[in-house]
Amino acid sequence: MKRGSFQQMKALNKSIILTKILEDGPISRAQIAKETKLTPPTVGSLVKELIEQKMVIESSQGESKGGRKPTMLVINEKGHYMIGIDAGSRNIEGILTDLSGKIVTHVKNKLTLPITEDQFLSVLIDTINTILENSSDYKNDIVGIGIAMHGVVDAESGKSLFAPNLNLRQMPIAETLSEHFPYLIKVENDARALALAEKWFGQGKSSERLVVVNIGTGVGSGVTIGGELYHGESHIAGEIGHMTIDLDGEQCTCGNKGCLQTFISGPAIAKRAINQINLGEQTSLAEVDEVTALKVFEAAEAGDLVAKEILHQTGTYIGVGLINLIHTLNPSQIVLTGGVTNAKDYLLPNIEAAINERALTRKAKQTIISVSELGEHSTALGAVALIIGELFATNGTLS
Ligand SMILES: [Zn+2]
């Protein structure tokens, strides 16, 4: 056997063992050998390497069927640390976490608009520097920095091609950061990062075909197939916010008319509420200074019927968007996230009804729809997951 192919075989076997421990740990060496059909000596020597690389650790003793109790193996959650950055349109938030996603440091910096490329990059660098200053105990175990950036991102080159809310184009984020920090740097679109967050830490762990739909000020989605993100030919796969729902509909921020985003985003909900007020409908929202989607949700919670109806209607629109997605991609699971999903109790029944009514097959109706439970740091966790994915893909050889 040639040396190259021996190395490849070893890497493949190591990856099989690491995945086994990740998915089924705590697990003994003997059980790994049995289930992967690798020989016990192969398992033994590769596990030894994984322990040295701080990817795997021996945990408590397992059950024995007579004789010595086997030592169980689990992922070494405290072996490596990652920085995750959520570069939004108003703030840059950063976290440092271990492999389980446990946050040990959190930093938030405001962006002042309008902003130049240099100003934006300098806030980004400051945020990372503050995290590093606050994390001196973990400094030697940090392996990478993930950036989740709104807008269109070229993940391969680590460039932000277009950040609409900042009005910046062609920003070389990975290139700039690698001049300042000696770590692996990965940049990804925020909706795709959210999909990875669900895949590693949330509800999508066992999902082979997962779509995460983010519904907030804008609407986007991230698609993972077999655990891998799907980018499409030129980085725009998943832009479901801009699927046309009404040819003659309202103007969207993208320039087209009647996009899904003009029906289901936070601003769209606020706009429908204002229309109802202007029509003279009896609603407590008429007394509110500035009507926002949050105010509509609060009014619904307080029993306002007009507010409730607006949210129910929003649920129907989301359901229509999701059935288009189901018929195009046929995912096993869709996780909804973003500010608008706070109103899930009003949205979900109508989402399900719209899907039931329109689905082409019984299986399509059964697509699992749920709302994310990852909380406010979900995008930054997705940025962390970018690095974790790379760490596992390379069997822990990043650092
Ligand atoms: Zn649009």
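Residues numbered from 1 in each chain as written. Predicted model: local features only at pLDDT ≥ 70, side-chain atom pairs only at ≥ 80, totals over all residues. Heavy atoms only, no water.

Caption draft 1: Structural detail: the pattern of salt bridges. A full pass over the atoms with the stated rule returns 12 salt bridges. Residue Glu 49 is joined to Lys 14 by a salt bridge in which the shortest nitrogen-to-oxygen separation is 2.9 Å. Of this pair, Glu 49 sits in helix 3 (residues 40-52) while Lys 14 sits in helix 1 (residues 3-24); the two residues are 35 residues apart in sequence, bridging distant segments of the chain. Put simply, Arg 192 and Glu 188 hold a salt bridge, and the shortest N to O gap is 3.4 Å. For the residue pair Arg 192 and Glu 188, the accessibility class agrees, reading buried in each case. Among the charged side chains, a salt-bridge network with shared partners connects Lys 10, Lys 14 and Glu 49. (Salt bridge = Lys/Arg side-chain N within 4 Å of Asp/Glu carboxyl O. Helix = DSSP H or I, 4+ residues; strand = E, 2+ residues; numbered from the N terminus. Buried < 20%, exposed > 50% of the residue type's maximum accessible area, 1.4 Å probe, protein only.)

Caption draft 2: Representation of the domain arrangement of the protein chain in the model. Once the domains are mapped, the protein chain shows domain 1 (3-75), domain 2 (81-199 + 378-393) and domain 3 (205-371). Placing the centre of domain 1 and that of domain 2 at their C-alpha centroids yields a distance of 32 Å. Listed as interface residues are 5 residues of domain 1 and, on the opposing side, 4 residues of domain 2. Taken over both partners, the interface formed by domain 1 and domain 2 buries close to 410 Å², and the fraction arising from carbon and sulfur atoms is 78%. Measuring nitrogen to oxygen at the nearest pair gives 2.7 Å for the salt bridge that ties Lys 54 to Asp 141. For the interface between domain 1 and domain 2, the tally reads 1 residue pair in polar contact (both at pLDDT 80 or more). (Domains from an automatic or database assignment. Contact = heavy atoms within 4.5 Å. Buried area = accessible area lost by both parts, 1.4 Å probe. Polar contact = N/O pair within 3.5 Å; in protein donor to acceptor, adjacent residues only side chain to side chain.)

Caption draft 3: Focus on the sheet that holds strand 8 (residues 152-154). One open sheet accounts for 3 strands, arranged 8-9-10; its pairing is antiparallel. Pairing within the sheet leaves two strands with one partner each, and these edge strands are strand 8 and strand 10 (168-171). In this sheet, adjacent strand axes meet at a mean angle of 15° when their direction is disregarded. In this structure, strand 8 lies alongside strand 9 (residues 159-163), joined through 3 bridges in antiparallel fashion. Looking across to strand 9, one finds that Val 152 is bridged to Phe 162. (Pairing = 2+ DSSP bridges. Axes fitted to C-alpha atoms, helices over the stretch in contact; angles between N-to-C directions.)

Caption draft 4: A look at the nonpolar core. Counting 41 residues, the largest nonpolar core has Val 213, Val 296, Leu 322, Ile 334 and Ile 351 as the members making the most contacts within it. Element by element, the count of residues in this core is highest for helix 10 (residues 305-329), at 9 residues. Apart from residues lying up to four places away in sequence, Ile 334 is in contact with Val 211, Val 213, Leu 322, Leu 325, Ile 326, Thr 367, Ile 368, Ile 369 and Ser 370. Formed by 37 residues, the second largest nonpolar core is a distinct cluster that contains Ile 95, Val 212, Leu 229 and Ile 387. (Core = buried A, V, L, I, M, F, W, Y, C linked by side-chain atoms within 4.5 Å.)

Caption draft 5: Expanded view of the packing of helix 9 (residues 293-301) against helix 10. Following both chains from N to C, one finds helix 9 and helix 10 inclined at 120°, their axes separated by 7 Å at the closest point. As far as their axial angle goes, helix 10 and helix 9 are oblique. Where helix 9 crosses over helix 10, the handedness of that crossing is left-handed. Of the residues in helix 10, those touching helix 9 at Val 296, Phe 297, Ala 299 and Ala 300 are Ala 307, Lys 308, Ile 310 and Leu 311. For the contact of helix 9 with helix 10, the per-class residue count stands at 7 nonpolar, no polar and 1 charged. (Parallel < 35°, antiparallel > 145°, perpendicular 65-115°, else oblique. Left-handed = near helix turned anticlockwise from the far one by under 90°. Nonpolar A, V, L, I, M, F, W, Y, C, P; charged D, E, K, R; others polar.)

Caption draft 6: Inspection of the sheet that holds strand 11 (residues 184-189) at higher detail. Read from one edge of the open sheet, 5 strands run 6-5-4-7-11, paired in mixed fashion. Of all the strands in the sheet, the pair left with one neighbour each is strand 6 (103-110) and strand 11. Each neighbouring strand pair of the sheet contributes to a mean axis angle of 15°, computed without reference to strand direction. Sheet topology note: the strand 4 (residues 81-87)/strand 7 (residues 142-149) ladder contains 7 bridges and is parallel. When the sheet's bridge partners are listed, Met 82 is paired in strand 7 with Gly 144. Contacts from helix 5 (residues 173-180) reach strand 7 and strand 11, with the element oriented near 155° to strand 11. Contacts from helix 6 (residues 190-201) reach strand 7 and strand 11, with the element oriented near 110° to strand 11.

Caption draft 7: Highlighting the coordination of the zinc ion. Looking at the zinc ion, one finds its protein donor set to be His 242 (ND1), Cys 252 (SG), Cys 254 (SG) and Cys 259 (SG), positioned 2.0 to 2.3 Å from the metal centre. Taken together, the 4 donor atoms coordinating the zinc ion and their angles of 105 to 124° define a geometry best described as tetrahedral. In primary-sequence terms, the residues that donate to the zinc ion follow H-x9-C-x1-C-x4-C. (Donors = N, O, S within 2.8 Å, 3.2 Å for Na, K, Ca; no water. Tetrahedral: all angles 85-135°; square planar, octahedral: opposite > 155°, others 65-115°.)

Caption draft 8: Region of the structure containing the pairing of strand 10. In this structure, strand 9 lies alongside strand 10, joined through 3 bridges in antiparallel fashion. Within strand 10, the residue paired with Ala 163 across the bridge is Leu 168. The turn joining strand 9 and strand 10, which pair antiparallel and follow one another in sequence, is formed by 4 residues; a positive phi near 55° is taken by Asn 167.

Caption draft 9: Expanded view of the side chain of Glu 93. Residue position: Glu 93 is located in strand 5 (residues 91-97). An unpaired buried charge is present at Glu 93: no salt bridge exists, and Lys 108, the closest side chain of opposite charge, is 4.5 Å distant. Within polar-contact distance, the side chain of Glu 93 engages the side chain of His 106 at 2.6 Å. Ignoring sequence-local partners within four residues, the contact set of Glu 93 consists of Gly 84, Ile 85, Asp 86, His 106, Val 107, Lys 108 and His 377. (Lys, Arg positive; Asp, Glu negative; His and termini not counted.)

Caption draft 10: Local environment of the packing of aromatic side chains. Here the structure, examined in full by the defined rule, presents 4 aromatic pairs. On the numbers, 4.5 Å between centres and 40° between planes, the contact of Tyr 81 with Tyr 138 is tilted. Within this pair, whereas Tyr 81 is found in strand 4, its partner Tyr 138 is found in the loop between helix 4 (117-134) and strand 7, the two being separated by 57 residues in sequence. For the pair Trp 200 and Phe 392, a centre-to-centre distance of 5.2 Å together with 45° between the ring planes defines the contact as tilted. With Trp 200 in helix 6 and Phe 392 in helix 13 (residues 378-393), this residue pair connects regions lying 192 residues apart in the sequence. The partly exposed category is assigned to Trp 200, whose relative accessible area is 21%. (Phe/Tyr/Trp six-rings, centres within 6.5 Å; stacked < 30°, edge-to-face > 60°.)

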